[in-house]
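# Summary of the model geometry
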Number of protein chains: 4
Amino acid sequence: MSPKARSKRGTKAAKAWDGRFQEPTDPLVEIFTNSLESDLQMAAQDIRGSVAHVHGLERAGLLTSRETARIVRGLGRVAKEIRDGTFRAKASDEDVHMAVERRLTELVGPVGGKVHTGRSRNDQVATDVRLWLRDEIDSATEDLATLTRALLQRARTDLDVVVPGYTHLQRAQPVLLSHHWLAYAEMLERDRDRLADTRKRVNVLPLGAGALSGAGFRLNRRAVARELGFEAVTENSLDAVSDRDFIVEFLSAASLIAMHLSRLSEEIVLWSSDEFGFLKLPDAFATGSSMMPQKKNPDVAELVRGRTGRVYGALVTILTTLKGLPLAYNRDLQEDKPPLFDAARTIRGCLAVLAKMLPKLEVQKARMRDAAGGFSLATELADYLVERGLPFRQAHTVVGRVVGFCVENDRDLSSLTTAELKLFSPDFEPSARRRLSIDTAIGRRSLVGGTARGNVERRIKELERSVDGGGRRRPQKRG
Amino acid sequence: MSPKARSKRGTKAAKAWDGRFQEPTDPLVEIFTNSLESDLQMAAQDIRGSVAHVHGLERAGLLTSRETARIVRGLGRVAKEIRDGTFRAKASDEDVHMAVERRLTELVGPVGGKVHTGRSRNDQVATDVRLWLRDEIDSATEDLATLTRALLQRARTDLDVVVPGYTHLQRAQPVLLSHHWLAYAEMLERDRDRLADTRKRVNVLPLGAGALSGAGFRLNRRAVARELGFEAVTENSLDAVSDRDFIVEFLSAASLIAMHLSRLSEEIVLWSSDEFGFLKLPDAFATGSSMMPQKKNPDVAELVRGRTGRVYGALVTILTTLKGLPLAYNRDLQEDKPPLFDAARTIRGCLAVLAKMLPKLEVQKARMRDAAGGFSLATELADYLVERGLPFRQAHTVVGRVVGFCVENDRDLSSLTTAELKLFSPDFEPSARRRLSIDTAIGRRSLVGGTARGNVERRIKELERSVDGGGRRRPQKRG
Amino acid sequence: MSPKARSKRGTKAAKAWDGRFQEPTDPLVEIFTNSLESDLQMAAQDIRGSVAHVHGLERAGLLTSRETARIVRGLGRVAKEIRDGTFRAKASDEDVHMAVERRLTELVGPVGGKVHTGRSRNDQVATDVRLWLRDEIDSATEDLATLTRALLQRARTDLDVVVPGYTHLQRAQPVLLSHHWLAYAEMLERDRDRLADTRKRVNVLPLGAGALSGAGFRLNRRAVARELGFEAVTENSLDAVSDRDFIVEFLSAASLIAMHLSRLSEEIVLWSSDEFGFLKLPDAFATGSSMMPQKKNPDVAELVRGRTGRVYGALVTILTTLKGLPLAYNRDLQEDKPPLFDAARTIRGCLAVLAKMLPKLEVQKARMRDAAGGFSLATELADYLVERGLPFRQAHTVVGRVVGFCVENDRDLSSLTTAELKLFSPDFEPSARRRLSIDTAIGRRSLVGGTARGNVERRIKELERSVDGGGRRRPQKRG
Amino acid sequence: MSPKARSKRGTKAAKAWDGRFQEPTDPLVEIFTNSLESDLQMAAQDIRGSVAHVHGLERAGLLTSRETARIVRGLGRVAKEIRDGTFRAKASDEDVHMAVERRLTELVGPVGGKVHTGRSRNDQVATDVRLWLRDEIDSATEDLATLTRALLQRARTDLDVVVPGYTHLQRAQPVLLSHHWLAYAEMLERDRDRLADTRKRVNVLPLGAGALSGAGFRLNRRAVARELGFEAVTENSLDAVSDRDFIVEFLSAASLIAMHLSRLSEEIVLWSSDEFGFLKLPDAFATGSSMMPQKKNPDVAELVRGRTGRVYGALVTILTTLKGLPLAYNRDLQEDKPPLFDAARTIRGCLAVLAKMLPKLEVQKARMRDAAGGFSLATELADYLVERGLPFRQAHTVVGRVVGFCVENDRDLSSLTTAELKLFSPDFEPSARRRLSIDTAIGRRSLVGGTARGNVERRIKELERSVDGGGRRRPQKRG
């Protein structure tokens, strides 16, 4: 084609980039490469980013204030269409960025084509996804706080409930049910900590990196960062357009959240079984069976547990995609959004439904207490002997034999007389039998972190403050 | 068995726990459950933890100062045996904790059995692995700094080398080779940041949590924490013995490190191919072929890239193991160490070998520069038109046609006359052709993060300070 | 509630299971547990399964032929509505099964409630997903065949093109480009093999397993299996409702397909770089840059490579979900479909787009041949010496020195005189220099599997037969 | 270096490939690239492969029969040294292949250098790992059979034991305990099927592919294949040296095995809890607590469950490593062996320990039966109404109300009079109450796959035949 013929095609290309192309894109390729289905949900962020960019162009003298106003107004109208649901993407829109710009140009004319000055989709999409994720982290942090509040509320309510503490799913030592709920609150605190750490690395502006080497105009990136609430700007343009660490970090934090919820859910499933009988599920949070009329199933907890896979899978997806990519931007990176969006939606849904279900669980207090005694108090006897000077290993062995004797003869620990105890060790005195009390056992765990009531109440208060007052949630603050 | 018969077995049990057991453990079970092969490498940490615990027991009045001194001395001897390689584990030692205590008791007599007072293996192993990982994080942080220094040294050396910047592995725009090296330095900075964040959550003392409900004695946990350099103590005993979040966090940070190294390695492989010809590998860092005498292979880079799988696999391992476990300790958690140890060793090995190889790479400066020009300067023409007021989208289309014309007619951009350029757009003036210079193109990228030399030199200095001076490496500091 | 009051609620429950429930399901729970968004795509399979089940009920005397006809007709109408796009799911439909049955009952009245006799959603969903996956495996097998055909066509076309064979991305020995294409055809053959193996384990009927213990009626399951084209029936009801092995198997086979395509894509990316210059992408299968007018990017190949992560992630998702679930059905299993559906769609899309792109690649024959000679012929010299009796290890060392000499002195192998060669080994004769020919080197690889033309042509024919004739594609058939 | 100087270095190179190298390998690189620690366990396979290769060289006239005999004898001696444990690898041995060849040459002199004629490490290692894996598959298949036999033995023993069948971990319907064991036997049958399918693709000879393009000599590869028991030879040399599909396939099959064992282990953990009380663990297969003398923990089952992570991780490792590698051999592939070896060892250990533990489990028959009745018989009432013509959906609703009434009034289903039942539906007759029997409920599940005793006994016999007689274990055979 001659320069003439080329020019005849007019200056308005159908695609953002097809100036040098002579053949149209294959329709199958259009569908295959299109990301609109997934990235349309970043439209609000895309527009916010464009507004700040346009202000930057104005500051740099690349747009007049009139052009700026016109474009910003246009972007505002596009944003409104999106909010109202009247925005219509076209099949030819490759992605959310082109959809927005195409609509902008329809609304404001060719000046819309100036919005992309000094910008590439490479730094634009990185900016959008960081804005999107920052919002999402803030929402997920609030969701974590909401579930923590539900746990703290349960902890307040259940302060006089005793439950067996388990190791290896064997009854081990009695604990306050509140202490058990607080264990999950601690996990969620760490989850909020991690999100806060991740947020710092998310909240850095890549715009200005251009395609890969930096924009060719002297834009004031720090001013743009301030306008968009970013705490810093990226310092290397090649890195800026190819960095997806922050997505991996978020998905790793999300995997830990999912893992924690899978543990809580496993316990809800176990505890609402007939065999445990520790919890009754309210009808509103259980489902039935299409075949068995008697069933009341803990589906919510099961689904939360099952969806752990989804979040782990998202993490593996992005890690796989990033492996071995040379610098800088590669189209593979487009695949960062589906796992990110899906995982974020998944954990937020799980957090919300658990927060609503938790207060409705009916705790079967008597059944829990019945299960908490018996051999779970054996450690008390060993500690008793230790206080009398026996090395712990020997005390452990002595009490092991006491337990073996009871099991063999179908006796309870509490049924043993002092005389019988003395057969195992002369150090047993009548006071030993007084140690075989659930409440004494719990009360003795009053060192920091132990299950004694005073501890638990103090910790509830601290966590309430943490979850409400915001502030830093650092381990060292707890120490 | 009667109490008598039971007592006859003596107070010295063969295992730490077999008081109530009548049958010996099946030999296959002994092998299957034994963790010594893996956890022996935590012996030093186990002993440090025990020394601090013994001091804690003394403070609590559970050990006399004489007993304390005797045990601490004994632990010192065990530590020495381990350092000297004279320590011999026995088949009956289930794990490193029992091996150390068994040997201690051999050395100091039955008082050795007092070391486990107020402690369970559950809080003990959690303490050991946190101590081990804290050490490892510090070493890995230093390894990251070492590799960063190697990158910064390269960046200083290669300041006058120009290389094509790539997107989609297509030449895109010229950049300074130093800018390219710095992209990796930025990644490693974030890696150090992440390790620093993880370290805070690692550096919390679980000892005192006992088996799950807290030790039955009033131990001063904060004093123990201070002695061991922990910044805080865990606040919930159930959580303390079942929390392995910090391992997931570390493996996630390690996966990002591995991913970064896989990208660098991919580029070393590409660049040392005949086709690129950008790098020559020194003989000392290449290997040959057993069949083809001419081969000089970038095996080191390939292995670094390949070992990414190992680190990702470790992350999946621990995430899988943790999914759905009820509280508190479960034996599944023993499986936390093999992936942790393997991944830590893997990334440290990769960091070390790359740091040593990087300074030896022979940069083929001329070849790089030759590849950096040509159509990679097309953006310059588009920016030129934008400066003359053309909306970017139109400028892009115009230059696309210029490029298409050149490709079709086998012409270089720089060979076009102003007259020819004007056929595509009247806005082209003679000054346009002066823009087709690599050095001009690079020089114009002087906004923050751009590839202009001034920027790059400034950033080298900042990173040198960061990597040497230590200090906080927070994004906001860069902003 | 009294029996009376309960009965007053009428016999028509809103949900499939809420007879014993007194509180309505929480709206958040309804949304959280709903699977319609995902499983509606199994509607056709659900209806096919129901038709066969209804025939089974008729055979067992549980439905009259009139009832049967009425229900089957109703199901046909629902199927038609779905095909036509006039089917409307309701918010209260929990899943595709309830949506279909609800609509059926609207169409045929209460007799619709008989379709679920002797069936549970547990065996129903297992049946549906097996039917769906069987269809999908057949389609994916055809997609694999289509891509294989494209590779074979390329292999026919490129029979006289020579390309460097690489190891470690270093030029190693020359091969026919056709041989290179065939390597991928071999991979796809194995992929078809694996799908065929998986299909056998997919194609087993679980219907009749009921909720978990077997239906309470004597249904002839083999007859239902025959009607639905299943080769076998499940032999254990507990296993039947909880088995998702076949999904893991499929996703594992899909992961291998994705991995193969990632390798092919990596090569397309490399080969279409300026540095390799082996391939030109047609405009219709490349995309441009929004910033750099000169770019022509291999986005399709990059996206195929990037989507590997998505398929791997799906595999990890389902493996995670299944870990540690007790028998039999658990709601976690609902999470089997999103990863399955997404991965199947992903690999099918990738196969289709590559099959369409492959014939359009413009092979740069001269450039490939230029790259294929040189030191890649060094092995020929070593083999030459071996034929003269030198042990291979020595021959290798000798030729290594010859190469070292050439590199140092910037000489080509082919420029060496016999006299020069003799300085390295007296066994070199003038005939040695004749071995330094690309065509000779290729021709000598005529053992089975070697790159000699005869081999390649034979293998093309065999694979053409395999891919067209269908039939078993077993390794032993090739041996 | 001149040809002379080069030749002075002698013809015996220290490494297999260093003819053209002038600098020695960096010691860190030697350690980093060395694979001996991992691949030494393939020594026997390496030697078997070499013997067959040497026979092939003899047939091709490349070795005299005398040389052949000498080398084969030498290889035999190396094999013996390895078996006897007297073999000593040297630090300079890069891998098992070089260690064996180095020792061979020490034993037989320079003729040892002929063993590598027409072979590259690329095809050699592929051959070794296939031989190793074939052996391992055969052993794992036998281990699966052993565990299946243990399950079948339990199934025979427990034929009169009734246990609640669970869905959602809620009691659902009673089943025979034998039926429950058989569910796992079915899973293991599929596992053996999968290994058999995988074995076919493992059992293909790559030797002869050379470095990548085929050996340069006309070797009779089929004869070598026959000698080594391979069913086929690879048909494309590029594919042959880069194919690791068979490792992924095996690790995927291993992941399914691990997943199955994790489910069985989860149930052993649950069932041996105090709450379930269904199983007592023998002392020989339980372990105690270092702190709590009463504990008897199901550590074996927990570790089996926990090690699932290890096997999944291995699968992710190899998938990650393979992603995006260009053809043909790349050093990344060295990383195939650690995950393969570790996962194979892990599943074999798990299978063995479970097979030994299963027969020792003490089933608490009375407790199981007590748990199996009650509301688990509700389905029986619904089926009863269906037989009387009520549509299933209505029958389900009616019985749901009956259950709701019982729960509310703390009544058993079996305590309801016919008159009471009639309040819910007039279709209830006195015969309804006879349906509320565990044995009747089980007996009615006599369709194929149901839990009725006749079915279970038949299936035990079939599986016994399958596991003993070997033969094909295809789903269609069961149908």
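Residues numbered from 1 in each chain as written. Chains lettered and ligands numbered in written order. Predicted model: local features only at pLDDT ≥ 70, side-chain atom pairs only at ≥ 80, totals over all residues. Heavy atoms only, no water.

### What about the relation of the copies chain B and chain A?
Take chain B, turn it by 180°, move it 0.0 Å along the axis, and it overlays chain A with an RMSD of 0.0 Å. Here the transformation between the copies is reduced to the relation of a two-fold axis. Interface residue correspondence from chain B to chain A reaches 100%, placing this contact among same-surface, isologous pairings. (Least-squares fit on C-alpha atoms with pLDDT ≥ 70 in both. Contact = heavy atoms within 4.5 Å.)

### With respect to the domain arrangement of chain A
Residue and element names in this part refer to chain A. Each domain of chain A was delimited in the assignment, giving domain 1 (19-117), domain 2 (122-216 + 231-365) and domain 3 (373-444). Each of domain 1 and domain 2 was reduced to a C-alpha centroid, and the two centroids are 33 Å apart. Of the residues lining the interface, 15 residues belong to domain 1; the matching set on domain 2 comes to 14 residues. Counting the surface lost from both domain 1 and domain 2, the interface buries some 1,300 Å², and carbon and sulfur atoms represent 54% of this. (Domains from an automatic or database assignment. Buried area = accessible area lost by both parts, 1.4 Å probe.)

### Looking at the relation of the copies chain B and chain C
In screw terms, the move from chain B to chain C is a rotation of 180° and a rise of 0.0 Å along the axis, fitting with an RMSD of 0.1 Å. Of all interface residues in chain B, 100% are interface residues in chain C too; the two copies therefore contact each other through one and the same surface.

### Quick notes on the interface of chain B and chain A
In this complex, chain B contributes 134 residues to the contact, which on the side of chain A involves 135 residues. Taken over both partners, the interface formed by chain B and chain A buries close to 11,800 Å², and the fraction arising from carbon and sulfur atoms is 57%. Three residues stand out in chain B for area buried against chain A, namely Glu 235, Arg 393 and Arg 401 of chain B, and they jointly supply 7% of the buried area on that side. At the junction of chain B with chain A, the criterion picks out 18 salt bridges. We note a salt bridge from Arg 190 of chain A to Asp 243 of chain B, for which the minimum N-O separation is 3.3 Å. Applying the counting rule to chain B against chain A returns 59 residue pairs in polar contact (both at pLDDT 80 or more). Along the lines of polarity and charge, the residues of the side of chain B that touches chain A split into 52 nonpolar, 43 polar and 39 charged. (Salt bridge = Lys/Arg side-chain N within 4 Å of Asp/Glu carboxyl O. Polar contact = N/O pair within 3.5 Å; in protein donor to acceptor, adjacent residues only side chain to side chain. Nonpolar A, V, L, I, M, F, W, Y, C, P; charged D, E, K, R; others polar.)

### Concerning the interface of chain B and chain C
Residue-level contacts link 43 residues of chain B with 43 residues of chain C. Applying the counting criterion to the chain B and chain C interface returns four salt bridges. The shortest N-O distance in the salt bridge between Arg 171 of chain B and Glu 275 of chain C comes to 2.6 Å. Here chain B and chain C share 15 residue pairs in polar contact (both at pLDDT 80 or more) between them. Secondary structure elements with two or more residues in the side of chain B that touches chain C: strand 1 (162-167), strand 2 (170-176), helix 11 (245-271), helix 12 (299-322), helix 15 (378-387) and helix 16 (392-408) of chain B. By residue number, the principal contributor to the side of chain B that touches chain C is helix 16 of chain B, which donates six residues. Its residues assigned to classes, the side of chain B that touches chain C comprises 17 nonpolar, 16 polar and 10 charged. (Helix = DSSP H or I, 4+ residues; strand = E, 2+ residues; numbered from the N terminus.)

### Some words on unusual backbone geometry
In this model, Leu 327 of chain A is joined to Ala 328 of chain A through a cis peptide bond whose omega is -5°. Positioned with a positive phi, Leu 169 of chain B is a non-glycine residue whose angle comes to about 55°. Take Leu 169 of chain B: its relative accessible area is 4%, and that puts it in the buried class. Even without being a glycine, Asp 410 of chain D presents a positive backbone phi close to 55°. Within the element layout of this structure, Asp 410 of chain D appears in the loop between helix 16 (392-409) and helix 17 (418-424). (Buried < 20%, exposed > 50% of the residue type's maximum accessible area, 1.4 Å probe, protein only.)

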